Amino acid sequence: MALKLYGAALSPCTSRVMTCLHEKEADFELVPVDLFAGEHKQLPFLAKNPFGQIPALEDGDLSLFESRAIAAYVAEKFKETGNDLIRHQSLKEAAEVKVWMEVESQQYHPAISPIIFQFFAAPLQGYAPDQAIIDENTEKLGKVLDVYEDKLGRTKYLAGDFYSLADLFHLSFTYYFMKTPCAHLINERPHVKAWWEDISSRPAFQKVASAMNFGEKGN
């Protein structure tokens, strides 16, 4: 039975899970949730995620929400197929993956997500981007990326010389970020730039990126 993923292809959190599913060559069905109609804030979706946020995953009688948790479940469920995203055969490498998954969640995401919101979501809500918020968070993100530049100067990927969930978790929000005037924060750091060009060119992400058109005309 195919997994059912409830979400929207243009959503960075939904695309995070879809990228993981493609990396694992897993069979799944994307069940569209209409964000602009507020479907995610209504029943029956609230029965899948009481916080009213996409995506949600159904695997038989198991229902999950939170994109990172879903992706980690997919990586574990299909650990013997596709690319090994959790390094399950090496305790040390698996621990490094977990460290950098936490870094993405606790350091990178809190800095990059407000920038994405200001450039893409605020205009759809009738507001001009707040430059003060953008400036505050580009400063925070720059400091995070300095750490990344140092780390990626020593290893090809964040957790080591192997691609993992730690890298994958960065893809969708960074993809939107690179469409903003702040993209220079990535481009001016050579190791970070090389890492980004590498991970964003992976076939699994390319399958997803074409539908990531949030904020573009008609979306």
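Model, not experiment: these values are computed from the prediction. (Residues numbered from 1 in each chain as written. Predicted model: local features only at pLDDT ≥ 70, side-chain atom pairs only at ≥ 80, totals over all residues. Heavy atoms only, no water.)

**Quick word on the overall build of the protein chain**
Put simply, the rule reads: In this text, helices come from DSSP runs of H or I with a minimum length of four residues, and strands from runs of E with a minimum of two, each type numbered from the N-terminal end. Put simply, the radius of gyration uses C-alpha atoms, and a globule should come to 2.2 Å times the residue count raised to 0.38. Each residue is placed in one exposure class: buried if its accessible area under a 1.4 Å probe, protein chains only, is under 20% of its type's maximum, exposed if it is over 50%, and partly exposed if it falls in between. Note on definitions: a residue-residue contact is assigned when non-hydrogen atoms from the two residues lie within 4.5 Å. Under the convention used here, a 1.4 Å probe and the Shrake-Rupley method define accessible areas, while residue burial counts only the protein chains that appear. We treat Lys and Arg as the positive residues and Asp and Glu as the negative residues; His and chain ends play no part in the count. By convention, the charge on Lys lies at NZ, on Arg at CZ, on Asp at CG and on Glu at CD.
Looking only at helices and strands, the protein chain has ten helices and four strands in total. When the helices and strands of the protein chain are placed in sequence order, the string is β-α-β-α-β-β-α-α-α-α-α-α-α-α. Over its C-alpha trace the protein chain gives a radius of gyration of 17 Å, about what one expects of a compact globule, namely 17 Å for 219 residues. Summarising its shape, the C-alpha atoms of the protein chain cover approximately 50 × 45 × 25 Å along the three principal directions. Considering the protein chain as a whole, with its 219 residues, one finds that 49% of them fall into the buried category. Restricting to contacts in the protein chain with at least 6 residues of sequence separation, those with at least 24 account for 66%. Total accessible area on the protein chain stands at roughly 10700 Å², and carbon and sulfur atoms take up 54% of it. Within the protein chain, one finds 22 positive and 30 negative side-chain charges whose respective centroids are separated by 1 Å.

**Re the sheet that holds strand β1 (residues 3-7)**
Where we set the bar: By the convention used here, strands pair only if DSSP detects at least 2 bridges between them. Note on method: axes are straight lines fitted to C-alpha atoms, helices fitted across the in-contact stretch only, with angles between N-to-C directions ranging 0 to 180 degrees.
Read from one edge of the open sheet, four strands run β2-β1-β3-β4, paired in mixed fashion. Both outer strands of the open sheet, β2 (28-32) and β4 (62-65), are each paired with one neighbouring strand and no more. Averaged over neighbouring strand pairs, the angle between their axes works out to 20° when direction is ignored. Against the sheet, helix α1 (residues 12-23) touches β1 and β2, its axis set at about 155° to β1. Contacts from helix α3 (residues 67-77) reach β1, β3 (56-59) and β4, with the element oriented near 130° to β4.

**Comments concerning helix α5 (residues 131-152)**
Quick reminder: α-helices carry 3.6 residues per turn. Residues three or four places apart thus point the same way. The condition that has to hold: Working rule for helices: expected span equals 1.5 Å times residues minus one. Polar contact criterion, stated in full: a pair of N or O atoms within 3.5 Å, where within protein one must be able to donate a hydrogen and the other to accept it, and residues adjacent in sequence count only if both atoms are side-chain atoms.
Between its terminal C-alpha atoms α5 stretches 30 Å, which fits the 32 Å expected from 22 residues at 1.5 Å a residue. Buried residues of α5: Ile134, Asn137, Thr138, Leu141, Gly142, Val144, Leu145, Tyr148, Glu149, Lys151 and Leu152, and no others. Residues of α5 that are buried make contact with α4 (91-124), α7 (171-177), α8 (184-187) and α9 (190-200). With a side-chain oxygen lying 3.0 Å from the backbone nitrogen of Ala132, the N-terminal cap of α5 falls on Asp130.

**Things to note about the packing of α1 against α3**
Cut-off, in case you're wondering: In what follows, roughly perpendicular refers to angles from 65 to 115 degrees, roughly parallel to angles under 35, roughly antiparallel to angles over 145, and oblique to any angle outside these ranges. Polarity classes work like this: nonpolar for Ala, Val, Leu, Ile, Met, Phe, Trp, Tyr, Cys and Pro, charged for Asp, Glu, Lys and Arg, and polar for all others, with Gly in that last group.
For the pair α1 and α3, interaxial distance at closest approach is 9 Å and the crossing angle is 5°. Between α1 and α3, the angle is such that the two are roughly parallel. Contact with α1, carried on its side by Cys13, Arg16, Val17, Cys20 and Leu21, involves Ser67, Arg68, Ile70, Ala71, Val74 and Ala75 of α3 and no other residues of that element. Looking at the contact of α1 with α3 residue by residue, the classes come out as eight nonpolar, one polar and two charged.

**Structural notes on the packing of aromatic side chains**
Between two aromatic rings, the relevant description is the distance of the centres plus the angle of the planes. Let me state the cut-off plainly: Whether two aromatic rings pair depends on their centres lying within 6.5 Å, for rings of Phe, Tyr and Trp, where Trp uses its six-membered ring; planes under 30 degrees apart make the pair stacked, over 60 edge-to-face, and the rest tilted.
In the structure shown here, the tally under the stated rule is eight aromatic pairs. A centroid spacing of 6.1 Å and a plane angle of 75° characterise the contact between Tyr148 and Trp195, whose relative ring orientation is edge-to-face. In this pair, Tyr148 is assigned in helix α5 and Trp195 in helix α9, connecting sequence segments 47 residues apart. Accessibility assignment for this pair places Tyr148 and Trp195 in one class, buried. Judged by centre distance (6.0 Å) and plane angle (75°), the rings of Tyr157 and Tyr163 are edge-to-face.

**Quick word on α9**
We count it as follows: What the arc describes is the spread of directions from the helix axis to the C-beta atoms.
Residues of α9 that are buried: Val192, Trp195, Trp196, Ile199 and Ser200. Taken down its axis, α9 places every buried residue within 115° of arc, on the same side. Structurally, α9 contributes buried residues whose contacts are with α5, α6 (165-168), α7, α8 and α10 (203-209).

**Observations concerning unusual backbone geometry**
Most peptide bonds are trans, and most residues other than glycine sit at a negative phi. A cis amide bond links Leu43 to the next residue, Pro44, at an omega of 10°. Between Ile54 and the following residue, Pro55, the backbone shows a cis peptide bond with an omega angle of 5°. Tracing the sequence through the fold places Pro55 in the loop between α2 (45-48) and β3. With a phi close to 80°, Glu66 is a non-glycine residue in the positive phi region. With respect to the element layout, Glu66 can be found in the loop between β4 and α3. When its relative accessible area of 40% is taken as the criterion, Glu66 is described as partly exposed.

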